Amino acid sequence: MQEQFLHFLWQYQYFEQQNLQTTQAESLEILEIGKHNSNEGADFEQTLLRIGNMEWQGDIEIHWKSSDWNKHKHHQNPRYNRVILHIVWENDVEDVFREDGTPLPTLELKKRVNPDLLEKYKYLQDSSYKIPCRKVVSHIEHLYWFLMLDKALAHRLEQKAQKVEQIWLACQKNWEETTYRLLAQAFGFKINADAFLRLAEQLPLKILLKHSTDLLQMEALIFGQAGFLEDDTEVEDEYFVRLQKEYRFLKAKYELHSLKSSEWNFAKLRPANFPTLRLAQFAQIIHQHINLFSVFLYAEQYKTLEKILLVEPSDYWKTHVVFGKTSKGVFYKLGKVSFENIVINMLVPLLVLYAQKNNKQDAMDKALRFLQAIKAEENYITREWQELGIKAQHAADSQALIEQYNYFCMEKKCLSCVIGAEILKNKK
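Residues numbered from 1 in each chain as written. Predicted model: local features only at pLDDT ≥ 70, side-chain atom pairs only at ≥ 80, totals over all residues. Heavy atoms only, no water.

Let us look at the packing of helix 8 (residues 215-225) against helix 10 (residues 275-288). Direction vectors running N to C along helix 8 and helix 10 enclose 135 degrees, while the axes themselves pass 10 Å from each other. Between helix 8 and helix 10, the angle is such that the two are oblique. Classified by chirality, the crossing of helix 10 by helix 8 is right-handed. Seen from helix 8, the contacting residues are Leu215, Met218, Glu219, Ile222 and Phe223; seen from helix 10, they are Thr276, Leu279, Ala280, Phe282, Ala283, Gln284, Ile286 and His287. (Axes fitted to C-alpha atoms, helices over the stretch in contact; angles between N-to-C directions. Helix = DSSP H or I, 4+ residues; strand = E, 2+ residues; numbered from the N terminus. Parallel < 35°, antiparallel > 145°, perpendicular 65-115°, else oblique. Left-handed = near helix turned anticlockwise from the far one by under 90°. Contact = heavy atoms within 4.5 Å.)

What follows is the structure in structure tokens.
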């Protein structure tokens, strides 16, 4: 049994409240349940209670057994002197004390909870299904499905925005540099994401800005910093030689240190996904939109994103995927799936973080519009939800269902789930 269940009982007050008494036989009246604290410290803060004839304002700590108070060493921590009530399932010791030596009132819930509620909770926790409520979710009103999707999507966007924030902070809160690094990372997709990000870190946008009007010089900087223009590379190719010559000069000018070509992964990739071709596409986008963040920020239509990202690389890369070897039939633009992946995993989280940091609801609304303009993803997770009657209408829904499955269902966080909570509350 988890303490989270007791948090749920207290937050929704799902226990018998008539003639409430502490284990010390003092009358107890709940005036305000307080706010749940997800940070270090007591479980609930700003609680208001009447114990006996006196009103108390402070914190609440929740444990499965009373003895857990000492086991967790709260009796030695002055932070817990603000606790005014200890809520437990089972009171297994006579008294516990705060660090200042004062006794702590305790409320035992074991005999005050409806057995059906406990049975439902055990059912969900013991379920062998990856979606624990699989057998009963169809009986829940569809309103709660929509609420579930909203909560799961909000959680997913928040988690992604936190990852973007790490790069934003590393860029000294420069939005243009942040966008540049994020786009680089996105162009690496899963296999080459780290290499692309290291490239952007070692080739600051401010250097590319100085050469924004010359695509050849930008490509020389990008391919050179990626490690593909080393002097010992044996390629007899006019374009390669020109890039190499440009890079030698620029490398010395800016005192640059490049990656190694061995850091890039070509194995098991289709030619259209080779990192060399991705670098050429990336170079063209930066060449055309050196102030990329501003472009994204003021783009109102989804079609505008296609014009920005679905660019043609320089002529050489229309017939090559690596240096020195021509290729026929190469689809040299980003594919639709790759484009949508960048919007979902790079652009939308960027807009969400910008909206949070600047209190810009229009940026948040735009991020949601972009998600809703993309067709719902299809994978084993969305198919499993569809079997239960929950069909994703667009990428906002599919992103929510993926988060619901991975974060809430697989981890059995049913008490934090809208549908899980409704199943417990529902008397049917």
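With that out of the way, let us pick up the packing of aromatic side chains. What characterises a pair of aromatic rings is the spacing of the ring centres plus the angle enclosed by the ring planes. By the definition in use, this model includes 32 aromatic pairs. Here Tyr316 and Trp317 contribute two aromatic rings whose centre-to-centre distance is 5.2 Å and whose plane-to-plane angle is 80 degrees, an arrangement assigned as edge-to-face. For the pair Tyr316 and Trp317, a shared accessibility class is recorded, and that class is buried. The structure contains a cluster of three or more aromatic residues connected by ring pairs, namely Tyr180, Phe187, Phe196, Phe228, Trp264, Phe266, Phe274 and Phe282. (Phe/Tyr/Trp six-rings, centres within 6.5 Å; stacked < 30°, edge-to-face > 60°. Buried < 20%, exposed > 50% of the residue type's maximum accessible area, 1.4 Å probe, protein only.)

Of all 8 residues in strand 5 (residues 83-90), 7 are buried; the element is thus mostly enclosed. Relative to strand 5, strand 4 (residues 54-65) runs parallel, the two being bridged by 6 bridges. Directly across from Glu61, in strand 5, lies its bridge partner His86. Sheet topology places strand 5 next to strand 6 (residues 106-108); 3 bridges connect them, and they run parallel. In the strand pairing of strand 6, Val88 is matched with Glu108. (Pairing = 2+ DSSP bridges.)

Before going further, it helps to examine the packing of helix 4 (residues 142-170) against helix 5 (residues 175-187). Relative to each other, helix 4 and helix 5 sit at 125 degrees, their axes nearing to 9 Å. Taken as axis vectors, helix 4 and helix 5 run oblique relative to one another. Viewed along their axes, helix 4 and helix 5 form a crossing whose handedness is right-handed. Two secondary-structure elements touch here, helix 4 through Val164, Ile167, Trp168 and Ala170 and helix 5 through Trp175, Thr178, Arg181, Leu182 and Gln185.

What follows is about the nonpolar core. Grouped together as the largest cluster of nonpolar side chains are 112 residues, with contacts concentrated most on Leu183, Phe223, Phe323 and Trp385. For this core, the element with the highest residue contribution is helix 13 (residues 336-358), accounting for 13 residues. Those residues in contact with Trp385 that sit more than four places away from it in its chain are Ile131, Met148, Ile390, Leu401, Gln404, Tyr405 and Cys409. Grouped together as the second largest cluster of nonpolar side chains are 28 residues, Leu20, Ile51, Val113 and Ala421 included. (Core = buried A, V, L, I, M, F, W, Y, C linked by side-chain atoms within 4.5 Å.)

Turning next to the side chain of Arg98. Structurally, Arg98 can be placed in the loop between strand 5 and strand 6. Buried charge without a partner: Arg98 forms no salt bridge, and the closest opposite charge is Asp100, 5.1 Å away. Here Val83 takes part through its backbone oxygen, which lies 2.8 Å from a polar atom of the side chain of Arg98. One polar contact links the side chain of Arg98 to the main-chain carbonyl oxygen of Pro103, over a distance of 3.0 Å. When neighbours within four sequence positions are excluded, Arg98 is seen to be in contact with Trp69, His75, Tyr80, Asn81, Val83, Ile84, Pro103, Leu104 and Pro105. (Lys, Arg positive; Asp, Glu negative; His and termini not counted. Salt bridge = Lys/Arg side-chain N within 4 Å of Asp/Glu carboxyl O. Polar contact = N/O pair within 3.5 Å; in protein donor to acceptor, adjacent residues only side chain to side chain.)

Okay, the pattern of salt bridges next. Pairing is possible between side chains that carry opposite charge, provided their charged atoms lie close to one another. Here the structure, examined in full by the defined rule, presents 16 salt bridges. A salt bridge links Arg134 to Glu387; its shortest N-O distance comes to 2.8 Å. Linking Arg134 in the loop between helix 3 (115-126) and helix 4 with Glu387 in helix 15 (residues 380-387), this pair joins segments that are 253 residues apart in sequence. Residue Arg134 is classed as partly exposed on the basis of its relative accessible area, which comes to 21%. The exposed category is assigned to Glu387, whose relative accessible area is 59%. The closest approach of N and O atoms between Glu165 and Lys357, which form a salt bridge, is 2.6 Å. Taken together, the residues Glu165 in helix 4 and Lys357 in helix 13 connect sequence positions 192 residues apart. When its relative accessible area of 40% is taken as the criterion, Lys357 is described as partly exposed.

Turning our eyes to something else, we now look at the environment of Trp317. For Trp317, the location among the structural elements is in the loop between helix 12 (302-309) and strand 7 (320-322). As a C-alpha pair, Trp317 and Ala280 span 37 residues in sequence and 6.9 Å in three-dimensional space. Beyond its immediate sequence surroundings of up to four residues, Trp317 is in contact with Glu219, Phe223, Tyr239, Thr276, Leu277, Ala280, Val322, Phe323 and Tyr332. Within the structure, the side chain of Trp317 is placed 3.1 Å from the side chain of Tyr239, a separation counted as a polar contact.

A turn of α-helix holds 3.6 residues, and therefore any two residues three or four places apart point the same way. The first and last C-alpha atoms of helix 14 (residues 361-372) sit 17 Å apart over 12 residues, in line with the 16 Å expected at 1.5 Å per residue. Of the residues making up helix 14, those classed as buried are Ala363, Lys366, Ala367, Phe370 and Leu371. Around the axis of helix 14, the buried residues are gathered within 140 degrees of arc, so they sit on the same side. In helix 14, the exposed positions angled more than 90 degrees off the buried face are occupied by Gln361 and Asp362. (Expected span 1.5 Å × (residues − 1). Arc of directions from axis to C-beta.)

In this structure the tally under the stated criterion is 0 disulfides. For Cys409, which is in no disulfide, the shortest distance to another cysteine sulfur is to Cys133 and amounts to 6.0 Å. We classify Cys409 as buried; its relative accessible area is 6%. (Disulfide = S-S within 2.5 Å.)

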